[in-house]
Protein chains: 2
Amino acid sequence: MTQKPKALDHTEAVKMGKSCVCFITRKAARCITQFYDEMLRPTGIRSTQLTLLTTIKILGPVSVKRMAEVVVMDRSTLARNLKPLDRQGLIRIEPGEDLRERIVSLTPPGLEKWKEAYFIWGQAQAQIKDRLGQEGLDTLFANLSELVSLTRNR
Amino acid sequence: MTQKPKALDHTEAVKMGKSCVCFITRKAARCITQFYDEMLRPTGIRSTQLTLLTTIKILGPVSVKRMAEVVVMDRSTLARNLKPLDRQGLIRIEPGEDLRERIVSLTPPGLEKWKEAYFIWGQAQAQIKDRLGQEGLDTLFANLSELVSLTRNR
DNA sequence: CTCAGATAGATGTATATACCCCTATTTCTG
DNA sequence: CAGAAATAGGGGTATATACATCTATCTGAG
């Protein structure tokens, strides 16, 4: 059989374009982020920031290190992502008892902002649910969680 | 019934942390990107860049505008993401017949780099498949594609 | 043919992301 | 207890991402 390198390359490229988990996941993240961000626009915060506010709300005063573990984000990334929230006065960052640590907590304005954003988040989430159904949503969640743990525990 | 605002807030926050599609998708994208990037490290290119090389390979000489549509990426984002590839000499960017357009194409070194990276991509993809199974992979793809089209066609 | 509107990119700005290396602490070991 | 090892963050660097706005070019209506 004669080989046709060019054609073979092309087939493989197409296959990759259609089956790359990294590509589709990043693409979906871009799209879904835009969707939520657009809805959150009136609040002045973005989806990532809402995630962080929520995490702080749940974990109470918490160190950057611990937060980073929970949201599965690089420590330096998280520290930088916290800055806009700090600048807007939505969170407080102060040294902990262990002076190496920074303890993050929600300010009263931060709590208000969270409530405002949570309301809109509910609307965005409902739109997604309308389209995927609760079952589709559950499957998606299970799949993505699997992906996360797959890449974490190696 | 007496209301307990604080406790209610907390419950809602936890619910959001556990069910936010945007959060889980972004988290998965971070994890999977790190996974692929780590494997691709020896090649000197990253997963996003491999995606772009592949797209260029498939679409042949193509305008930035068209490419952006295909990969579902903002035009300005794409233009900036192409720069590292251009700097490394893996792609060529030149004016099209329509002088407003920039036409992107793969250089011979770019093709070589693509082949090298494709090989590694296959290994990464295989590891994912081992864990999710072909079926799980298909479901994941379907779910995420649904998410993309959901946010695109509104 | 001319000019108004549409289109493709480029640029400014801001956030998001991670790696590497450095510093300040803390903890552990001899 | 003193010095070594571990740990938490900070800052540098580079890429990834999008929106708003600007410029150059093209196209279509008159």
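You'll find the structure just up there.
Computed from a predicted structure; not experimentally measured.

What counts as what
- All residue numbers refer to positions counted from 1 along the written sequence of the respective chain.
- Key to labels: chains lettered from A, ligands numbered from 1, both in the order written.
- Under the rules for a predicted model, residues below a pLDDT of 70 receive no local features and side-chain atom pairs below 80 are neither given nor counted, while totals for whole chains, interfaces and linings still include all residues.
- As a rule here, side-chain values come from all non-hydrogen atoms in the structure, and water together with hydrogens is ignored.
- Every helix listed is a DSSP run of H or I at least four residues long, and every strand listed is a run of E at least two residues long, numbered separately from the N terminus.
- Throughout this description, buried means an accessible area under 20% of the type-specific maximum (1.4 Å probe, protein chains only), exposed means over 50%, and partly exposed covers the range between.
- It suffices for a single heavy atom of a residue to lie within 4 Å of a molecule or strand for the residue to be listed as near it.
- Whenever two N or O atoms come within 3.5 Å, that pair is a polar contact, provided that in protein one can donate a hydrogen and the other can accept it, and provided that, for residues adjacent in sequence, both atoms are side-chain atoms.
- Expected helix span is given by 1.5 Å per residue-to-residue step, counting one fewer step than there are residues.
- One requirement defines pairing of two strands: DSSP has to find at least two bridges between them.
- The contact criterion used throughout is that any non-hydrogen atoms of two residues lie within 4.5 Å.
- Only the stretch in contact is used when fitting a helix axis, every axis being a line fitted to C-alpha atoms; angles between N-to-C directions are given from 0 to 180 degrees.

Student: Please clarify how the environment of Thr-54 of chain A should be interpreted in this entry.
Tutor: Residue and element names in this part refer to chain A. Its place among the elements puts Thr-54 in helix 3 (residues 47-59). With a relative accessible area of 2%, Thr-54 lands in the buried category. Residues Thr-54 and Ile-120, 66 residues apart in the sequence, show an inter-C-alpha distance of 14 Å.

Student: Is there a simple way to explain the protein's contact with DNA strand C in this structure?
Tutor: The local shell around DNA strand C holds 29 residues, among which Ser-76 of chain A together with Arg-26, Gln-34, Lys-65 and Arg-80 of chain B are the closest. Backbone atoms, meaning sugar and phosphate, make up 67% of the atoms of DNA strand C lying within 4 Å of the protein. Measuring from a base nitrogen of DNA strand C, one finds a side-chain N or O atom of Arg-80 of chain A at 3.0 Å. For DNA strand C, a phosphate oxygen lies 3.3 Å from a polar atom in the side chain of Arg-30 of chain B. Of all the secondary-structure elements, those providing two or more residues to the surface near DNA strand C are helix 3 and helix 5 (75-87) of chain A together with helix 2 (21-40), helix 4 (64-71) and helix 5 (75-87) of chain B.

Student: Help me out: how do you make sense of helix 2 of chain B in this one?
Tutor: In an α-helix, one turn spans 3.6 residues, which is why side chains three or four residues apart end up on the same side. When the terminal C-alpha atoms of helix 2 of chain B are compared, their 28 Å separation across 20 residues agrees well with the 28 Å that a helix rising 1.5 Å per residue should span. For helix 2 of chain B, a buried count of 15 out of 20 residues is recorded, marking the element as mostly surrounded by other parts of the structure.

Student: Would you mind going over the sheet that holds strand 3 (residues 102-106) of chain A with me for this structure?
Tutor: To summarise the sheet geometry, strands pair through backbone hydrogen bonds and adopt either a parallel or an antiparallel arrangement. Residue and element names in this part refer to chain A. Spatial ordering of the open sheet is given by 1-3-2, a layout of three strands whose pairing is antiparallel. In this open sheet, the two edge strands, each paired with only one partner strand, are strand 1 (62-63) and strand 2 (91-95). As paired strands, strand 2 and strand 3 are joined by five bridges and run antiparallel to one another. Paired with Glu-94 across the strands is Ile-103, a residue of strand 3. Set on the sheet, helix 3 makes contact with strand 1, strand 2 and strand 3; between it and strand 3 the angle comes to about 100°.

Geometric values such as these leave the question of function open.
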